[in-house]
Amino acid sequence: MKKELAKQYDPKNVEERIYKSWLDGKYFHAKCEEGKPTYTIVIPPPNITGQLHMGHALDNTLQDILIRWKRMSGFDTLWLPGTDHASIATEAKIVEAMRAEGITKEDLGRDGFLVRAWDWKEKYGGRIVEQLKKLGSSCDWDRERFTLDEGCNKAVNTVFKTLYDKDLIYRGNRMVNWCPCCNTSISDAEVEYEEKDGNFWHLLYTVKETGEKLELATTRPETMLGDTAVAINAEDERYKHLHGCHVILPLLNKEIPIVCDEHADMTKGTGVVKITPAHDPNDFEVGQRCNLPIVRTFTYDGRLTGAEDKRVADELIASGRATENEPEVLDCGKYAGMTTMEARKAILADLEAGGYIKEIEPLKHEVGTCYRCHSTIEPMVSKQWFVRMVPLAKPAIEAVEKGETKFVPERFTKNYLNWMNGTRDWCVSRQLWWGHRIPAWYCEDCGGVTVSVDAPEKCCKCGSAKLKQDEDTLDTWFSSALWPFSTLGWPEKTKDLEHFYPTNTLVTGYDIIGFWVSRMIFSALEYTGRVPFDTVLIHGLVRDAQGRKMSKSLGNFFTVRDVAEQFGYEPIRFLMISCQYRSPINYSFDAIEQCKASLERMYTCRNNLDFALKNAKDEAGERDAEIIALIDKRKADFIDAMEDDLNTADAIGSVFELVRDLNTNVNDGVQSKALVEYAIKIFDELTGVLGLLYNRETESIDDEIEKLIEARNQARKERNWAEADRIRDELKAQGIVLEDTPQGVKWHRA
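On a predicted model such as this, the values are computed, not experimentally measured, just so you know. (Residues numbered from 1 in each chain as written. Predicted model: local features only at pLDDT ≥ 70, side-chain atom pairs only at ≥ 80, totals over all residues. Heavy atoms only, no water.)

Re the overall build of the chain
Cut-off, in case you're wondering: Numbering of helices and strands starts at the N terminus; helices are DSSP runs of H or I of at least 4 residues and strands are runs of E of at least 2. Burial status follows relative accessibility: with a 1.4 Å probe on protein chains alone, a residue under 20% of its type maximum counts as buried, one over 50% as exposed, and anything between as partly exposed. Residue contacts follow a heavy-atom distance rule, with two residues in contact if any of their heavy atoms lie within 4.5 Å.
A count of helices and strands for the chain gives 23 helices and 29 strands. Once the C-alpha set of the chain is aligned to its principal axes, its extents read approximately 115 × 60 × 55 Å. Counting over 750 residues, the chain shows a buried share of 53%. By sequence separation, contacts in the chain at least 24 residues apart represent 78% of the contacts at least 6 residues apart.

As structure tokens, then:
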């Protein structure tokens, strides 16, 4: 039956069919072959809520080339794929869908909500995996993992208990980033800063002992009800006479101390700062140094506290079960129940009426917002679980300083070391239901805490069976920090863990060196005794044609699928490897068009090699040795580029040098069969490493084209010009361009 030619080349059809043949052939499956050197990459797990964007395309293309390079170099390779459960993002999407149905989390209860969450994951969680496959990613999909799967959960619980037993994890009251909309603490990585218009309100606080007015400025006057001191610098001559004195807090008529602390900068403003330990990270540290009370004035849903909030807090403190730094709670009186913005207006009006505002100074400043809902983040002292970072950071710093793990480019070593040397205790609890539930149980009889990998039957302190598990889940980064070894079976001693760990190369962007790379390194050292990878390959970010970061608000954000619908996936891949990945990559449709044209040159060269092979002679040619040496030179250049820390831009440059050489020396006449076969072998090896030209037409399509060309030639011999023109027009409609040469008719796609 005659194969019907498409009217134009459809990359989607070809790409899907060829990739399926790769999967069916298990070409990417790691075999744990003894005696062969290993090379392992674990994929940075994309969120199940996301779609593949251009940054993903760059990241995964580089990984794919590395793994293909090592696979074709004889290594026993494993590229292990997986996805991240993305607690906040996923829960937000599910809650949003439920809201449209008029349902809340509380209506369903925790178990009912989790049933719905897993259903959502099954329905939508695989989208980004399918997009990775369309990009040509040669992962071992038989080993695909999920950060919330049973094995990863066991690893997470094991780590939590190990840290708890070593007193490296604790529950306490410390400063966190709090989202009043999502109602959870979030990590520093999840805070996005936006430039906003604001004001410095210059306030006047009266000194009790002297009656003078101290001027200080704030951008958040709504926090003043929680002030427990004002600070001056001990070396500031202007205020030496005020050491040991007090001010009267406006509106509350409350006496608070003047303290001396280095946080008060003599060179900025008046050198006097208000101290609100419950609602500012710097003020919290001042409060710790100066032993100040912590007074919380905000609720966790972004309102000012009232009588009921105070009653609950007072009862906790009176029960004796309060933990260190347990904040007092203020009944904010007339302001209770107001949102923070409503309270700001009301408080400013009262300050103005009382004569406490000296000046209002407009300014633009960076305001922290939640990356999910874009609500303003409120710094809050909250009871959370924290990991003690100093003892964990020390060996992780030493490992990089000794070169056990190196950063490429090397300059990013400084970013890593700066982060680790300045690390603070890590808040790992989140007020969410979707995620790894904290494996800690509280005794209702004695208040004791039992931490266990599996659910305990009784309290470890008093033996009571009245236990209630912690309601919170762990930060998503907590599970992804274990990714290089939990995915290979740890804490079990599996064959994969023994054979493929430590891994070799991590490919990622510089923006998550602190939030993810550092945590994988210290986690691996603590739990496996070895670094998780020997190399961290850092690439730049993909930006638009003007060099701007891609964002939906700017209208310059494109998913890989958006671009592939128009151009196919291969030009996207070509763009990523033809640029210098160490610098930002500027994306545009013009750049993709250029990549498409460059690919066509490569396709034409390869098709012409097939034509040359069909017309090749058996005997050796006079220039065979010279041309083979030229081909070998291009291959050597390619290898040098790849070994130069994956310099794909120079590698693909070597391929184009080879294209030029082949067009000049092989495709321009009748050559020996041995030469053409060698040229094809090297050409296919190099493009295979880069994952290019896998969309070449199959033989059945080639045969149909050849048959049509033969029919046209026959029509021309018979001087049937009308039939010859008809066939030419049919081929042209298929996108086939014919070229008459001394060796016969050649063809390529337009």
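Read on for the rest.
Re the side chain of T299
Threshold: Polar contacts, as used here, are pairs of N or O atoms within 3.5 Å; protein pairs need one atom able to donate a hydrogen and one able to accept it. Residues neighboring in sequence count only if both atoms are side-chain atoms.
Within the secondary structure, T299 is located in the loop between β13 (295-296) and α8 (307-319). Within the local environment of T299, its side chain forms a polar contact with the side chain of D301, the two groups lying 2.4 Å apart.

Quick word on the sheet that holds strand β22 (residues 467-469)
Our working rule: In this description, strands pair whenever DSSP reports at least two bridges between them. Helix axes are fitted only over the stretch in contact, all axes being lines through C-alpha atoms; the angle between N-to-C directions runs from 0 to 180 degrees.
Pairing is antiparallel in the open sheet, where 3 strands are placed in the order β21-β20-β22. Every interior strand has two partners, whereas the edge strands, β21 (449-451) and β22, have only one. Each neighbouring strand pair of the sheet contributes to a mean axis angle of 30°, computed without reference to strand direction. Sheet topology places strand β20 (residues 440-443) next to β22; 3 bridges connect them, and they run antiparallel. Among the inter-strand pairings, C443 is bridged to a residue of β22, identified as L467.

Let's talk about the pattern of salt bridges
Note on pairing: side chains with opposite charge can pair once their charged atoms come close. Applicable threshold: Salt bridges, as used here, are contacts in which a Lys or Arg side-chain nitrogen is within 4 Å of a carboxyl oxygen on Asp or Glu.
All told, the structure shown has 48 salt bridges when counted by the stated rule. Across the salt bridge formed by E471 and R437, the nearest N and O atoms sit 3.7 Å from each other. Here E471 is found in the loop between β22 and β23 (473-474), whereas its partner R437 is found in the loop between β19 (429-430) and β20, with 34 residues between them in sequence. D725 is the salt-bridge partner of R728, the closest N and O atoms lying 3.5 Å from each other. Of this pair, R728 and D725 both sit in helix α23 (residues 721-733), separated by 3 residues, roughly a single helical turn. Among the charged side chains, a salt-bridge network with shared partners connects K633, R634, D637, E657, R660 and D661.

Things to note about the state of the cysteines
Our working definition: What counts as a disulfide here is a pair of cysteine sulfur atoms lying within 2.5 Å.
In the structure shown here, the tally under the stated rule is 0 disulfides. Unpaired in terms of disulfides, C152 finds its nearest cysteine sulfur in C139, a separation of 16 Å.

Overview of unusual backbone geometry
Of the consecutive residues V408 and P409, the connecting peptide bond is found in the cis state with omega at -5°. Among the structural elements, P409 can be located in the loop between β17 (406-408) and α11 (412-421). Between W490 and the following residue, P491, the backbone shows a cis peptide bond with an omega angle of 15°. Locating P491 in the fold gives a position in the loop between α13 (483-486) and α14 (495-500). Non-glycine residue D167 carries a positive phi angle of around 60°.

Considerations on the pairing of strand β16 (residues 378-387)
In terms of burial, β16 is a largely internal element, 10 of the 10 residues being buried. Of the two faces of β16, the one lined by E378, M380, S382, Q384 and F386 and the one lined by P379, V381, K383, W385 and V387 are each fully buried. Inspection of the sheet shows strand β5 (residues 169-179) paired to β16 by 10 bridges, in the antiparallel sense. Counterpart to M175 in the pairing with β16 is V381. Pairing geometry for β16 and strand β18 (residues 426-427), over 2 bridges, is antiparallel. Looking at β18, one finds that F386 is bridged to C427.

Structural notes on the sheet that holds β5
With antiparallel pairing, 4 strands are arranged side by side in an open sheet as β6-β5-β16-β18. At either end of the open sheet lies a strand with only one pairing partner, and these are β6 (184-186) and β18. Note: β5 against β6, 3 bridges, orientation antiparallel. Bridge pairing links W178 to S185 in β6. Packing of helix α7 (residues 281-290) onto the sheet brings it into contact with β5 and β16, and relative to β5 it is tilted by some 145°.

Let's talk about the pairing of β5
Among the 11 residues in β5, 9 count as buried, and that is most of the element. Linkage of β5 to β6, two consecutive antiparallel strands, is achieved through a turn of 4 residues, within which N183 is found at a positive phi near 60°.

Thoughts on the packing of helix α2 (residues 54-72) against helix α17 (residues 570-578)
Working note: a packed helix pair is described by the angle between its axes plus the distance between those axes. Basically, it comes down to this: In what follows, roughly perpendicular refers to angles from 65 to 115 degrees, roughly parallel to angles under 35, roughly antiparallel to angles over 145, and oblique to any angle outside these ranges. Side-chain classes follow a simple rule in which Ala, Val, Leu, Ile, Met, Phe, Trp, Tyr, Cys and Pro form the nonpolar group, Asp, Glu, Lys and Arg form the charged group, and the remainder, Gly included, forms the polar group.
Packing of α2 against α17 brings their axes to within 9 Å, and their N-to-C directions diverge by 75°. Looking at the two axes, α2 sits roughly perpendicular to α17. When α2 is examined against α17, the residues M54, A57, L58, T61, D64, I65 and R68 are found in contact with a partner set consisting of I572, R573, M576 and I577. In terms of residue class, the contact of α2 with α17 is made up of 7 nonpolar, 1 polar and 3 charged.

A look at the packing of aromatic side chains
Put simply, the test is: We call Phe, Tyr and Trp rings a pair once their centres come within 6.5 Å, taking the six-membered ring for Trp, and we label the pair stacked below 30 degrees between planes, edge-to-face above 60, and tilted otherwise. Lysine and arginine charges are scored as sitting over a ring when NZ or CZ, respectively, is within 6 Å of the ring centre and within 35 degrees of the ring normal.
With the rule as written, the count across this model stands at 26 aromatic pairs. A ring pair is formed by W69 and F638, whose centres lie 6.3 Å apart and whose planes are at 65°; its orientation type is edge-to-face. Of this pair, W69 sits in helix α2 while F638 sits in helix α19 (residues 624-643), placing them 569 residues apart in sequence. Neither residue differs from the other here; W69 and F638 are each classed as buried. An aromatic cluster is defined as three or more aromatic residues linked by ring pairs; in this entry it consists of F160, Y164, W385, W426, F478 and F522. One Lys or Arg, K121, reaches over the ring of F146 and ends 4.4 Å from the middle of that ring. The ring of W141 carries K133 above its face, with NZ or CZ at 5.2 Å from the centroid.

Here's the deal with the confidence of the model for the chain
Stated formally: Confidence of the predictor at the level of single residues is captured by pLDDT, which takes values from 0 to 100.
With 94% of its residues at a pLDDT of 70 or more, the chain has an overall mean of 90. In the predicted structure, residues 1-9 sits below a pLDDT of 50 and forms 20 contacts with residues beyond four places in sequence or in another chain.

Section: the environment of L662
Positionally, L662 belongs in helix α20 (residues 648-665). Residue L662 is classed as buried on the basis of its relative accessible area of 1%. Residues L662 and V159, 503 residues apart in the sequence, show an inter-C-alpha distance of 57 Å.

Digging into helix α21 (residues 673-689)
Applicable threshold: One less than the number of residues in a helix, times 1.5 Å, gives the span that helix is expected to have.
For α21, spanning 17 residues, the distance from its first C-alpha to its last is 24 Å, which sits close to the expected 24 Å at 1.5 Å a residue. Along its buried surface, α21 packs onto α2, α18 (589-614), α19 and α20.

A few points about a negative patch on the surface
What counts is decided by this rule: A residue counts toward a patch only above 30% relative accessible area and without a salt bridge, and it is joined to like-charged neighbours within 9 Å or, for Val, Leu, Ile, Met, Phe, Trp and Tyr, to nonpolar neighbours within 5 Å. A 1.4 Å probe and the Shrake-Rupley method give the accessible areas. Residues count as covered only by the protein chains that appear here. Positive: Lys, Arg. Negative: Asp, Glu. His and the chain ends are not part of the count. To locate a charge, take NZ of a lysine, CZ of an arginine, CG of an aspartate or CD of a glutamate.
A surface patch of negative charge is lined by D640, E643, D644 and D650. Position of D640 relative to the elements: it lies in helix α19. Its relative accessible area of 51% is what places D640 among the exposed residues.

As for the packing of α20 against α21
Test applied: Put simply, a crossing is left-handed when the front helix is turned counterclockwise from the back one by less than a right angle, and right-handed when it is turned clockwise.
Viewed as axis vectors pointing N to C, α20 and α21 meet at an angle of 160°, and their least axial separation amounts to 11 Å. When the axis of α20 is compared with that of α21, the two are roughly antiparallel. Remark: the crossing between α20 and α21 carries left-handed chirality. Of the residues in α21, those in contact with V655, L658, V659 and L662 of α20 are A679, I682, F683, L686 and T687.

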